[in-house]
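Spelled out, the chains give:
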Amino acid sequence: MTNSVNSAKDLDSILFDISPKIKELAGLCEANTGIDKELFVKHDVKRGLRDVNGKGVLAGLTNISDVCAKKIVNGEEVPCAGNLYYRGYNIKDLVRGFLDADHFGYEEIAYLLLFGELPTVAQLDGFHETLTERRTLPPNFVRDVIMKAPSHDMMNNISRAILNLYSYDEKADDTSIPNVLRQCLNLISEFPMLMVYGYHAYNYRQGQDMYIYAPDPQKSTAENILMMLREDRQYTELEARILDMALVLHMDHGGGNNSTFTTHVVTSSGTDTYSTISAAMASLKGPKHGGANIKVTQMFADMKEEVKDWEDDDEVRAYLEGLLARERFDKKGLIYGMGHAIYSVSDPRAEIFKKFVAQLAHEKGYDKEYALYEKVEHMAPEIIAEKRKMYKGVNANVDFYSGLVYHMLGIPEQLYTPIFAAARIVGWSAHRLEELINVDKIIRPAYMPLAEYREYRNLNDR
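For every chain, the first residue of the written sequence is number 1, and numbering continues from 1 along that sequence. Given that this is a predicted model, residues contribute local features only at a pLDDT of at least 70 and side-chain atom pairs are listed and counted only at 80 or more, while totals for whole chains, interfaces and linings are drawn from all residues. Water and hydrogen atoms play no part in the side-chain values, which are based on all heavy atoms of the structure.

Here we come to the overall build of the protein. A count of helical and extended segments in the protein gives 19 helices and three strands. To get the radius of gyration, use the C-alpha atoms; to get the globule rule, take the number of residues to the power 0.38 and multiply by 2.2 Å. The C-alpha atoms of the protein give a radius of gyration of 24 Å, which matches the 23 Å a tight globule of 462 residues would have. Oriented by its inertia axes, the alpha-carbon framework of the protein measures out at about 80 × 60 × 50 Å. Put simply, the protein has 462 residues, and 46% of those count as buried. Shrake-Rupley sampling with a 1.4 Å probe provides the accessible areas, and residues are treated as covered by the protein chains on show and by no other component. A total accessible area of about 24,800 Å² is found for the protein, and carbon and sulfur atoms account for 51% of it. Note on charges: Lys and Arg go in the positive column, Asp and Glu in the negative column, and His and the chain ends are not counted at all. Think of each charge as sitting on NZ of Lys, CZ of Arg, CG of Asp or CD of Glu. Each charge class in the protein can be summarised by its mean position, and for the 53 positive and 67 negative side chains these summaries are 5 Å apart. Strands are runs of DSSP state E lasting at least two residues, helices are runs of H or I lasting at least four, and both sets are numbered from the N terminus onward. A simple rule labels every residue: compare its accessible area, found with a 1.4 Å probe on the protein chains alone, to the largest value its type can have, and call it buried under 20%, exposed over 50%, or partly exposed in between.

Here it is as structure tokens:
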């Protein structure tokens, strides 16, 4: 065998180091792949499938959810306070409904998104029983899959586990509606275990104690996540209610968000449910999508170190201006948690969340941190408007407060995006079913080729 590798260290160097040769090839790739930005304008290409005003290209129809941020006044579209609808119901009314009835909302709203109607008491009890009996994993799955080579990145860890579940399903490739629904209900029920067990498995490999608790059939999804995550299994009623709220608010967000559109695209190819959900996970992992709340938390951690007096408006303003000037934090020029592709006046999810954040902050002794968040929420839109040319308004989005909430709940940063996924898997499932029921046509948009046609030359003649 030629060019044999002498040691594991040599192999690691070949596989994982960016060598001078790789840098040279990367430069060649960039030089021959770049496209003049003016050509996108010239040919009216909708970069990101959005026009210059941020409006998405119409790519499909959906009954599942709607994001509304504009209204018609005198025949013209104008921005308005944002609203989110699940199956035609305003999210504010749904949240008020399960809070007034004093029960957890995740299971009820999951039923609504999947089946199109709010459940009766009997239907909700039956659905809860259906989820409960599916809160299990195949024999030895924790040992053979979750405990093997656990990753520090929980999203990749969970995706690998989802793909492995394919091997345990005798009807994995059956895309009939009853079978896909069965698979989706299994994954929705199993997801909290994949998430929490994967986290504990990685920590165990790092020398920490290992504890794996089975879900409690009498508890809600939110309660089970907190119970399985904590060594003492203890949590307060307020903690469980707020996590439940977070799961409901993240459950779906129209058909055009990146991970849900990914679900439609991959489903349209005719592939299996496990591959589809894994693809959606890959999309949600991105820091421009589900990973945004981690950036908010990290930004505030840096701010609390750099700003000496959190109550000093001038000092906070200077820090925010430094962010936009690419002088602070990660020097990306962004105030994380501010702005949204759709909302311009307000994000209804952030509005709902905020009402409960103050209560949790007071219970946990985070009043000072919460006051800083409020200050930034009020200051940032004004500063962004001053410093940036904007086509629409800017407001705090749901990620702005969710990171703080998870921090106060004692949820580790590695699970922030997986918590999002534990909610959004319901929406992905509903959209996968919708795509299979209605369209049956592979999604294949057009790209304009720019490369000139060339004659082939033999290797020795180049």
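Back to the text.
One non-glycine residue, Ala149, lies in the positive phi region at around 45°. By secondary structure assignment, the location of Ala149 is in the loop between helix H7 (141–146) and helix H8 (154–165). Not every positive phi belongs to a glycine, and Arg326 is a case in point at roughly 65°. Residue placement: Arg326 occurs in the loop between helix H15 (313–324) and helix H16 (348–364).

Now for the packing of H15 against helix H17 (residues 367–387). With their axes 10 Å apart at the nearest point, H15 and H17 run at an angle of 50° to one another. Regarding the angle of H15 to H17, the classification is oblique. For the crossing formed where H15 meets H17, the hand is right-handed. Where H15 abuts H17, its residues Asp313, Val316, Arg317, Leu320, Glu321 and Leu324 lie against Leu372, Lys375, Val376, Met379, Ala380, Glu382, Ile383, Ile384, Glu386 and Lys387. Each residue receives one of three labels: charged for Asp, Glu, Lys and Arg, nonpolar for Ala, Val, Leu, Ile, Met, Phe, Trp, Tyr, Cys and Pro, and polar for the others, Gly being one of them. Its residues placed into classes, the contact of H15 with H17 shows nine nonpolar, no polar and seven charged. Axis angles are defined between N-to-C directions and span 0 to 180 degrees, where every axis is a line fitted to C-alpha atoms and, for a helix, only to the segment in contact. Here the word oblique covers every angle except those under 35 degrees (roughly parallel), over 145 (roughly antiparallel) and from 65 to 115 (roughly perpendicular). Each helix crossing is assigned a hand: it is left-handed if the near helix lies turned anticlockwise from the far helix by less than a right angle, otherwise right-handed if that turn is clockwise. Should any heavy atoms of two residues lie within 4.5 Å, those residues are considered in contact.

Taking 1.5 Å of rise per residue, 29 residues should cover 42 Å, and helix H9 (residues 177–205) covers 40 Å from first to last C-alpha, within 8% of that figure. Bend is the name given here to the angle between axes fitted to two runs of seven residues, the run ending at a residue and the run starting at it. The largest bend in H9 comes to about 40°, at Glu190, with the proline Pro192 one to four residues further on. With 23 of its 29 residues buried, H9 lies for the most part within the structure. Of the residues trailing H9, Gly207 is marked for its positive phi of about 100°. To estimate how far a helix should extend, the number of its residues minus one is multiplied by 1.5 Å.

Let us look at the pattern of salt bridges. Here, a salt bridge means any side-chain nitrogen of Lys or Arg that lies within 4 Å of a carboxyl oxygen of Asp or Glu. According to the stated counting rule, one finds 23 salt bridges in the structure shown. With a closest N to O distance of 2.6 Å, Lys375 and Asp313 form a salt bridge. Taken together, the positions of Lys375 in helix H17 and Asp313 in helix H15 put the pair 62 residues apart, joining distant regions of the chain. Linking Glu382 and Arg317 is a salt bridge whose minimum nitrogen-to-oxygen distance equals 3.2 Å. Within this pair, whereas Glu382 is found in helix H17, its partner Arg317 is found in helix H15, the two being separated by 65 residues in sequence. Owing to a relative accessible area of 42%, Glu382 belongs among the partly exposed residues under this scheme. Bridged by salt links that share partners, the residues Arg317, Glu321, Glu382 and Glu386 form one connected network.

Before going further, it helps to spend a moment on the sheet that holds strand E2 (residues 76–86). At least two bridges found by DSSP between two strands are what make those strands a pair. Overall, antiparallel pairing links the three strands, which are arranged E1-E2-E3 in an open sheet. Each edge of the open sheet carries a strand with a single partner, namely strand E1 (65–73) and strand E3 (89–90). Relative to E2, E1 runs antiparallel, the two sharing eight bridges. Within E2, the residue paired with Val73 across the bridge is Glu76.

Before going further, it helps to examine the side chain of Lys354. Tracing the backbone shows Lys354 in helix H16. Relative accessible area serves as the criterion here: at 18%, Lys354 is assigned to the buried category. Side-chain polar atoms of Lys354 contact the side chain of Glu377, separated by 3.0 Å. Whenever a nitrogen or oxygen atom comes within 3.5 Å of another N or O atom, the pair is scored as a polar contact, on the condition that within protein one atom can donate a hydrogen and the other can accept it, and that pairs from neighbouring residues in sequence are kept only if both atoms are in side chains.

Moving on, we come to the packing of aromatic side chains. Any two of the Phe, Tyr and Trp rings considered here, Trp counted by its six-membered ring, make a pair once their centres fall within 6.5 Å; the pair's planes then place it as stacked at under 30 degrees, edge-to-face at over 60, or tilted in between. Within this structure, the stated rule accounts for 14 aromatic pairs. Judged by centre distance (5.4 Å) and plane angle (70°), the rings of Phe141 and Tyr168 are edge-to-face. Of this pair, Phe141 sits in helix H7 while Tyr168 sits in the loop between H8 and H9; the two residues are 27 residues apart in sequence, bridging distant segments of the chain. Residue classification places Phe141 among the buried residues on the basis of a relative accessible area of 0%. Residue Tyr168 is classed as partly exposed on the basis of its relative accessible area, which comes to 38%. A ring pair is formed by Tyr211 and Tyr213, whose centres lie 5.6 Å apart and whose planes are at 35°; its orientation type is tilted.

Looking now at the packing of H8 against H9. Where H8 contacts H9, the axes come no closer than 9 Å and their chain directions differ by 130°. In terms of orientation, H8 and H9 fall into the oblique class. Viewed along their axes, H8 and H9 form a crossing whose handedness is right-handed. For the pair formed by H8 and H9, the contact residues are Met154, Asn157, Ile158, Ala161, Ile162 and Leu165 on the first element and Leu187, Glu190, Phe191, Leu194, Met195, Gly198, Tyr199 and Tyr202 on the second. By residue class, the composition of the contact of H8 with H9 is eleven nonpolar, two polar and one charged.

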